[in-house]
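What follows is each chain in one-letter form.
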Amino acid sequence: MKLLRRKEGPSLDSRLAALLEAAELAEGRLPEEAVSGARTVAERAGVRRTLSIDHTVAALAGATGSGKSSLYNALAGTDLAAVGVVRPTTSAAQAALWDGEGSGPLLDWLDIPQRHPAASASDLSGLVLLDLPDHDSIQVSHRLEVDRLVELVDLLVWVVDPQKYADAALHDRYLRRLAAHRGVMLVVLNQVDRLPDSAVDRCLRDLRRLLDGDGLAGVPVLAVSARTGAGLAELRALLNDRVAERKSWSTRLAADITTAAARLGAPEEAPAGQAMDRALTAALCEAAGVPLVVEAVAKGHRHRAVVATGWPVTRWIRKLRPDPLRRLRIGTMAPVGGPVGELPAGGSSGKSAASSGQGPGAEVVGRTSVPAASAVQRARVETAIRDVGEAAAADLPGPWAAAVRQAARSRSQELTDAVDRVVATTSAGATRRPRWWRAVNVLQWLVFAAMLAGALWLGGLFGMDYLRLPQPPLPTVGVVPWPTVLLVGGALAGVLIALLSRLAAWAGGRRRARRTARALRTAVGRVGDDLVLAPVRAELDRYARFTEALTRARA
Ligand SMILES: Nc1nc2c(ncn2[C@@H]2O[C@H](COP(=O)(O)OP(=O)(O)OP(=O)(O)O)[C@@H](O)[C@H]2O)c(=O)[nH]1
Ligand SMILES: [Mg+2]
């Protein structure tokens, strides 16, 4: 017997663990009833296996007047239960025990205080026979008692009589629903002494047909008479087999697990999570003003180039104009942990309040001044998120599909802030100054100094001429005097250097804008991945683990 337990234990154990796991994963996704039902089954199974497995609890269940109490007395060999003419008669379950030693905790768990030793021979050793009240009772308490015990006992013996064996109450409320429990079920057609011999077979055939229709093919059906004792020997023999096997308890628990697992759903192939992120990234980029930022990167680069390398005579005009990139507060924000006093105040434009600076790419705090997304842009983001959810949920059963759609939306509130943050961080590098600007700047000032020297020289000559002083000797380059070369040459060189630098800055700005656009798309894509696709993947993974657990539970 111990051997038997060891043989059956692990598979039941692992199925129970799998059922619990599936219930846990289904929490909040599937109807609470199914989830708690699975938990109850697991809990009940856990308790039953700690109680006596040397005893098999068989319950006589059926309609009022079918003869449950009469059969109970007949099997026990003594009148333990009242058999009355007033219907219903039995109002509380009682137990007859064959070698009942050690069955106390089991009966305590079943909550059956009325227990009697059976008087009949001990061929049924280990049987705990219950006489139940009627399941179709006008007394609600009777029905509740039956429903409670039908859930708990190891073996169900349905007692029907020739008048009521086809009752819908029996077939719809019990038999059909217990199809998975056909391995722990017997059906007894009692009171056959009331039928002419020819009718017994017809009645049995009809009953068999109904049971087959209930999904109970293979369930033994016996014709008996509690009054005359006909068929009782066969019933005893059948009961004896089941009790001797000592397997009904585990077969029953296995059937419970099967039913509970079926209520959680059919295990299906979990769909592979696919990334539908292109449209999402595009919509997020639009909403975050990426094209605007990219344009500002190019313009800002050219602006700073002119300030750094322009002709010193005119570059101050450019300095008066604001830097297009810094106007968006990009490249001006303090890194996280920097002096708080230097942080820019919360966004002055339409974007919402400054956020905590946590999340993907959080290297700067504060907000950019990129204008808030328009209603159309926001709608496009929402559509993209919905499409991600829909695509991922396409092949899932209803409640799980809803959970996946919900997962796609679950963190969408954080998107605006997170995307703005990565836009600020990613484009901050675009304000870096190329080294050649400094060299050109030095050159510009040298040329400017030459021009200035030429101007001063000419100015000096002009003054001396005005004062009619003798002209000093004037060095020349060819026929052109040096101060003129310096003044005109310096001016021309300055303007030429400025023009060439501008040309280089224009190309540099375009290159930098293109690089920033690529980096922004990647960074924004990563935000979409973290906040939209990752929750979807997590939910799909949960479903995959659920179906896997469900498959193990059903095994
Ligand atoms: N002819 C005949 N009468 C029977 C047989 N079994 C029971 N009866 C009678 O049927 C009536 C009901 O029997 P009970 O044993 O009280 O039926 P029950 O199923 O326990 O009914 P409740 O306790 O009300 O649910 C009684 O009058 C019994 O004498 C049988 O095999 N043949
Ligand atoms: Mg009774």
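Placed above this text is the structure.
Basis of the calculations
- Residues numbered from 1 in each chain as written.
- Chains lettered and ligands numbered in written order.
- Predicted model: local features only at pLDDT ≥ 70, side-chain atom pairs only at ≥ 80, totals over all residues.
- Heavy atoms only, no water.
- Helix = DSSP H or I, 4+ residues; strand = E, 2+ residues; numbered from the N terminus.
- Contact = heavy atoms within 4.5 Å.
- Areas by Shrake-Rupley, 256 points an atom, 1.4 Å probe, with all protein chains shown as cover.
- Donors = N, O, S within 2.8 Å, 3.2 Å for Na, K, Ca; no water.
- Buried < 20%, exposed > 50% of the residue type's maximum accessible area, 1.4 Å probe, protein only.
- Near = heavy atom within 4 Å.
- Polar contact = N/O pair within 3.5 Å; in protein donor to acceptor, adjacent residues only side chain to side chain.
- Expected span 1.5 Å × (residues − 1).
- Arc of directions from axis to C-beta.
- Salt bridge = Lys/Arg side-chain N within 4 Å of Asp/Glu carboxyl O.
- Pairing = 2+ DSSP bridges.
- Axes fitted to C-alpha atoms, helices over the stretch in contact; angles between N-to-C directions.
- Lys, Arg positive; Asp, Glu negative; His and termini not counted.
- Right-handed = clockwise from strand over helix to strand, strands pointing away.
- Phe/Tyr/Trp six-rings, centres within 6.5 Å; stacked < 30°, edge-to-face > 60°.
- Parallel < 35°, antiparallel > 145°, perpendicular 65-115°, else oblique.
- Left-handed = near helix turned anticlockwise from the far one by under 90°.
- Nonpolar A, V, L, I, M, F, W, Y, C, P; charged D, E, K, R; others polar.
- Patch = residues over 30% accessible without salt bridge, like charges linked within 9 Å, V, L, I, M, F, W, Y side chains within 5 Å.
- Core = buried A, V, L, I, M, F, W, Y, C linked by side-chain atoms within 4.5 Å.

Caption draft 1: Region of the structure containing the overall build of the protein chain. A tally of regular secondary structure across the protein chain gives 17 helices and 9 strands. Taking the intrachain contacts of the protein chain between residues at least 6 apart in sequence as the baseline, contacts between residues at least 24 apart amount to 77%. As presented, the protein chain carries roughly 27000 Å² of accessible surface, and 57% of it is formed by carbon and sulfur atoms.

Caption draft 2: View of the coordination of the magnesium ion (ligand 2). For the magnesium ion (ligand 2), the full set of protein donor atoms is S69 (OG) and T90 (OG1), at a range of 2.0 Å. Of this pair, S69 sits in helix α3 (residues 68-76) while T90 sits in the loop between α3 and β2 (94-97), placing them 21 residues apart in sequence. The exposure class of S69 is buried, given its relative accessible area of 8%. A relative accessible area of 14% places T90 in the buried class.

Caption draft 3: Region of the structure containing the site of ligand 1. In the vicinity of ligand 1, 22 residues are found, and the nearest of them are T64, K68, S70, T89 and D193. Contact between ligand 1 and T89: an oxygen atom at 2.8 Å from a main-chain N or O atom of the residue. Between ligand 1 and R194 there is a distance of 3.4 Å, counted from a nitrogen atom to a side-chain nitrogen or oxygen. When isolated, ligand 1 has an accessible area of 650 Å², and the protein chains bury 91% of it.

Caption draft 4: Local environment of helix α7 (residues 197-213). In this model α7 runs 25 Å from its N-terminal to its C-terminal C-alpha over 17 residues, within 8% of the 24 Å that 1.5 Å per residue would give. Residues of α7 that are buried include every one of A199, V200, C203, L207 and L211, and no others. Axial view of α7: buried residues confined to an arc of 110°, hence all on one face. Among the exposed residues of α7, those oriented more than 90 degrees off its buried face are S198, R202, R205, R209 and G213.

Caption draft 5: Examining the environment of A408 more closely. Relative to the helices and strands, A408 is located in helix α14 (residues 398-409). Residue class for A408 comes out buried when judged on its relative accessible area of 1%. Spatially, the C-alpha atoms of A408 and V388 are 6.9 Å apart, while their sequence positions differ by 20 residues.

Caption draft 6: Summary view of the pattern of salt bridges. Using the criterion set out here, one finds 26 salt bridges in the structure. In this structure, the salt-bridge partner of R236 is D123, at a minimum N-O distance of 3.4 Å. Of this pair, R236 sits in helix α8 (residues 232-245) while D123 sits in the loop between β3 (115-117) and β4 (127-131), and the two are 113 residues apart along the sequence. The closest approach of N and O atoms between D256 and R252, which form a salt bridge, is 2.9 Å.

Caption draft 7: Geometry of the sheet that holds β2. The sheet built from 7 strands is open, its strands ordered β3-β2-β4-β1-β5-β6-β7 with mixed pairing. The open sheet has two edge strands, β3 and β7 (221-223), and neither has a second partner. Put simply, the sheet's adjacent strands are angled 25° from each other on average, direction ignored. Inspection of the sheet shows β2 paired to β3 by 3 bridges, in the parallel sense. Each residue of the ladder has a partner; that of A96, found in β3, is H116.

Caption draft 8: Summary view of the side chain of R512. Here R512 is to be found in helix α17 (residues 482-554). Buried charge without a salt bridge: R512, with D323 as the nearest opposite-charge side chain at an N-O distance of 9.2 Å. With sequence-adjacent residues up to four places away left out, R512 is seen in contact with V297, H301, A430, T431, R432 and P434.

Caption draft 9: Summary view of the pairing of strand β6 (residues 185-189). The buried fraction of β6 is high, at 5 of 5 residues. Residues of β6 alternate between two faces, with M185, V187 and L189 on one and L186 and V188 on the opposite face, all of them buried. Strand direction decides the pairing type here: strand β5 (residues 155-160) and β6, joined by 5 bridges, are parallel. The residue of β6 that forms the bridge with W158 is V187. Regarding the hand of the β-α-β motif, the stretch spanning β5, helix α6 (residues 168-175) and β6 is right-handed. One ladder, built from 3 bridges, connects β6 with β7; its direction is parallel. For V188, the partnering residue across the bridge sits in β7 and is L222. Viewed along the sheet, the connection from β6 through α7 into β7 turns out right-handed.

Caption draft 10: Molecular detail of the packing of aromatic side chains. Following the criterion strictly, the structure yields 6 aromatic pairs and no others. When the centroid spacing of 5.4 Å and the interplanar angle of 85° are considered together, the rings of W445 and F448 count as edge-to-face. In this pair, W445 and F448 are both assigned in helix α16 (residues 435-466), 3 residues apart and thus about one turn of the helix distant. Joined through ring pairs, the aromatic side chains of W400, Y543 and F546 make up one cluster.

Caption draft 11: Structural view of helix α11 (residues 290-309). An ideal rise of 1.5 Å per residue puts 28 Å on 20 residues; α11 measures up with 28 Å between its terminal C-alpha atoms. With 15 of its 20 residues buried, α11 lies for the most part within the structure.

Caption draft 12: Broad picture of the packing of helix α10 (residues 277-287) against α17. At a closest axis distance of 9 Å, the pairing of α10 and α17 adopts a crossing angle of 115°. Regarding the angle of α10 to α17, the classification is roughly perpendicular. As α10 packs across α17, the resulting crossing turns out to be right-handed. For the pair α10 and α17, contact is made by D277, L280, T281, L284 and C285 and by R521, V524, G525, G528, V532 and L533, respectively. Split into classes, the residues belonging to the contact of α10 with α17 amount to 6 nonpolar, 3 polar and 2 charged.

Caption draft 13: Region of the structure containing a nonpolar patch on the surface. The grouping of W457, L474, V477 and W482 at the surface amounts to a nonpolar patch, some 340 Å² of accessible area in total. In this structure, W457 sits in helix α16. With relative accessibility at 34%, the residue W457 sits in the partly exposed group.

Caption draft 14: Structural detail: the nonpolar core. Residues L19, L264, V423 and F546 are the most contacted members of the largest nonpolar core, which totals 73 residues. Broken down by element, the residue count for this core peaks at 16 residues, all from α17. For F546, the residues in contact, after removing those within four places along its chain, are A22, L25, A26, L30, L264 and W400. Counting 38 residues, the second-largest nonpolar core is a separate cluster that includes L106, L110, V187 and L211.

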